[in-house]
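A look at the structure
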Amino acid sequence: MASTVTAPATPASVRRAPAARPRPNRNQRGWIFVAPFLIVFGLTFIAPIVYSIQLSLFREQLFFGGTTFVGLDNYAAAFGDAKFWEAFGRVLRFLAVQVPVMLLLALIAALAIDSARLHAAGMFRIVIFLPYAVPSVVATLMWGFMYGDLFGLAADLNKLFGAEVVQPLSDRWMLTSIGNIVTWEFIGYNMLIFYSALRVVPQERYEAAAIDGAGQFRIVRSIKLPALRGALVIATIFSIIGSFQLFNEPNLLRPLAPNVITSHYMPNVYAYNLSFEGQQYNYSATVAIVMGVLTAVVAYLVQLRGARREA
């Protein structure tokens, strides 16, 4: 009878372990971390721009139905549109006055808070910044109530003097009234940018200036203002972009002054009314793209000038 030889049992500890999954390298881990942002960025920023460009290349035909590819005809019409250039010129006049005034007031507030000579500086900083926390729609409705000719503060002042002394919603003062709202909203935001830039100035510079006998005005001119150049460029660019995007204030004040704020009062108002009132979606997308390109060009020129001054 033949005997059979059995192999010894393999202990569980020496059994072959399953192959480990390869771990992603650093580059792959980086893409994994930024993937959620890239997805949201693509869906909320890139996709609307691509869709707007696609819309701008077509035109809806009323008689034949459907849309027809027209190439750059919509852009040619936009560059020859008198209403668009009227709105663009108006927003240029607005930012040429409002932006310097707002930045100057914000700069004065930041210097006052940083001087350590202002009592209750923390409370003062909160009070100036607080309007920025108010939504622009709420702020415009609040100021619109005060601007009203038949109600609010302006109407009360006119009744007090027995004449139309204050007319914030007139054609002459409308841009000033809108500029007042925007300044009230964003002066605290820009003040915080300037104040943050002042807080990183080395204390040794102030001590050296004090030893040399420099006064407060000399310190502001020789130390603080040069340190604020970068912050001034950033605040200016943000303010210019915000001015070109002006929409809520004129659109909400339009029912109070329909004869002053027209459907093409500002470029964004014009694009909005073309789309939602005129049903001209293709031409509205064209106006929005042209306005975006012009805004980017102006912002780039301001940044380039600021970089040259710093250099």
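Refer to the structure above for everything that follows.
This one's a predicted model, so the numbers in the text were calculated from it and none came from an experiment.

1. Some thoughts on the overall build of the protein
A tally of helices and strands in the protein yields 13 helices and two strands. C-alpha extents for the protein along the principal axes are approximately 130 × 80 × 40 Å. A burial count over the protein gives 33% of its 311 residues as buried. Counting every atom, the protein has about 20200 Å² of accessible surface; 65% of that belongs to carbon and sulfur. Where the 24 positive side-chain charges of the protein centre and where its 16 negative ones centre are 16 Å apart.

2. Side note on the packing of aromatic side chains
A full pass over the atoms with the stated rule returns 16 aromatic pairs. When the centroid spacing of 5.7 Å and the interplanar angle of 90° are considered together, the rings of Trp85 and Phe88 count as edge-to-face. Placement of both Trp85 and Phe88 in helix H3 (residues 82–114) is noted, with a separation of three residues, approximately one turn of the helix. Under the relative-accessibility criterion, Trp85 is labelled partly exposed at 33%. Judged by relative accessible area, which is 10%, Phe88 ranks as buried. An angle of 40° between the planes, with centres 5.9 Å apart, marks the rings of Trp143 and Tyr147 as tilted. Placement of both Trp143 and Tyr147 in helix H5 (residues 136–147) is noted, with a separation of four residues, approximately one turn of the helix. Each member of the pair, Trp143 together with Tyr147, is buried. Each residue in the set Phe79, Phe84, Trp85, Phe88 and Phe244 is aromatic and connected to the rest through ring pairs, giving one cluster.

3. Notes on helix H1 (residues 26–56)
Here H1 contains 31 residues, and its C-alpha end-to-end distance of 42 Å stays within 8% of the 45 Å for a straight helix at 1.5 Å per residue. The largest bend in H1 amounts to roughly 45° and is located at Val34, with the proline Pro36 lying one to four residues further along.

4. A few points about the environment of Tyr281
By secondary structure assignment, the location of Tyr281 is in helix H13 (residues 281–310). According to the relative accessible area criterion, Tyr281 is partly exposed, its value standing at 38%. Sequence separation between Tyr281 and Thr140 is 141 residues, and the spatial gap between their C-alpha atoms is 27 Å.

5. Quick look at the environment of Ala271
Assignment of secondary structure puts Ala271 in helix H12 (residues 267–276). Sequence separation between Ala271 and Leu228 is 43 residues; the distance between their C-alpha atoms is 36 Å. With residues near it in sequence (within four places) discarded, Ala271 still touches Ser284 and Val287.

6. Describing the side chain of Asn190
Structurally, Asn190 is set in helix H7 (residues 174–199). Contact partners of Asn190, with chain neighbours within four places excluded, come to Met102, Leu103, Ala106, Ala235 and Ser239.

7. Examining the environment of Val182
Tracing the backbone shows Val182 in helix H7. Classification of Val182 by relative accessible area gives buried; the value is 7%. The spacing of Val182 and Glu249 is 67 residues in sequence and 8.1 Å in space, taken between C-alpha atoms. Those residues within four positions of Val182 in sequence are excluded, and the remaining contacts are Phe94, Gln98, Met102, Leu246 and Glu249.

8. Section: unusual backbone geometry
Not every positive phi belongs to a glycine, and Gln279 is a case in point at roughly 55°. Here Gln279 shows up in the loop between H12 and H13. Overall, Gln279 belongs to the partly exposed group, its relative accessible area being 40%.

9. Notes on H3
In a regular helix each residue adds 1.5 Å, so 33 residues correspond to 48 Å; H3 covers 47 Å between its end C-alpha atoms and thus fits that length. Within H3, the axis deviates most sharply at Leu95, by approximately 25°. Regarding H3, its N-cap is Asp81, as a side-chain oxygen of that residue lies 3.0 Å from the backbone nitrogen of Lys83 further along. Immediately beyond the C-terminal end of H3, within one or two residues, lies Ala116, with a positive phi of roughly 65°.

10. A look at the side chain of Thr183
In this fold, Thr183 is placed in helix H7. A polar contact is formed between the side chain of Thr183 and the side chain of Gln98, at a distance of 3.2 Å.

11. As for the nonpolar core
Soluble globular proteins: nonpolar side chains tend toward being buried together. In terms of nonpolar packing, the biggest core is built from 54 residues, with Met174, Ile178, Met191, Phe194, Leu228, Phe244 and Val287 touching the most fellow members. Mapped onto this core, the elements with two or more residues apiece are helix H2 (73–79), H3, helix H4 (121–129), H5, H7, helix H10 (229–244), H12 and H13. Broken down by element, the residue count for this core peaks at 14 residues, all from H3. Discounting chain neighbours no more than four positions away, the residues touching Leu228 are Leu107, Leu111, Phe194, Ala197 and Leu198.

How each quantity is defined
- Residues numbered from 1 in each chain as written.
- Predicted model: local features only at pLDDT ≥ 70, side-chain atom pairs only at ≥ 80, totals over all residues.
- Heavy atoms only, no water.
- Helix = DSSP H or I, 4+ residues; strand = E, 2+ residues; numbered from the N terminus.
- Buried < 20%, exposed > 50% of the residue type's maximum accessible area, 1.4 Å probe, protein only.
- Areas by Shrake-Rupley, 256 points an atom, 1.4 Å probe, with all protein chains shown as cover.
- Lys, Arg positive; Asp, Glu negative; His and termini not counted.
- Charge placed at Lys NZ, Arg CZ, Asp CG, Glu CD.
- Phe/Tyr/Trp six-rings, centres within 6.5 Å; stacked < 30°, edge-to-face > 60°.
- Expected span 1.5 Å × (residues − 1).
- Bend = angle between axes of the 7 residues up to and from the residue.
- Contact = heavy atoms within 4.5 Å.
- Polar contact = N/O pair within 3.5 Å; in protein donor to acceptor, adjacent residues only side chain to side chain.
- Core = buried A, V, L, I, M, F, W, Y, C linked by side-chain atoms within 4.5 Å.

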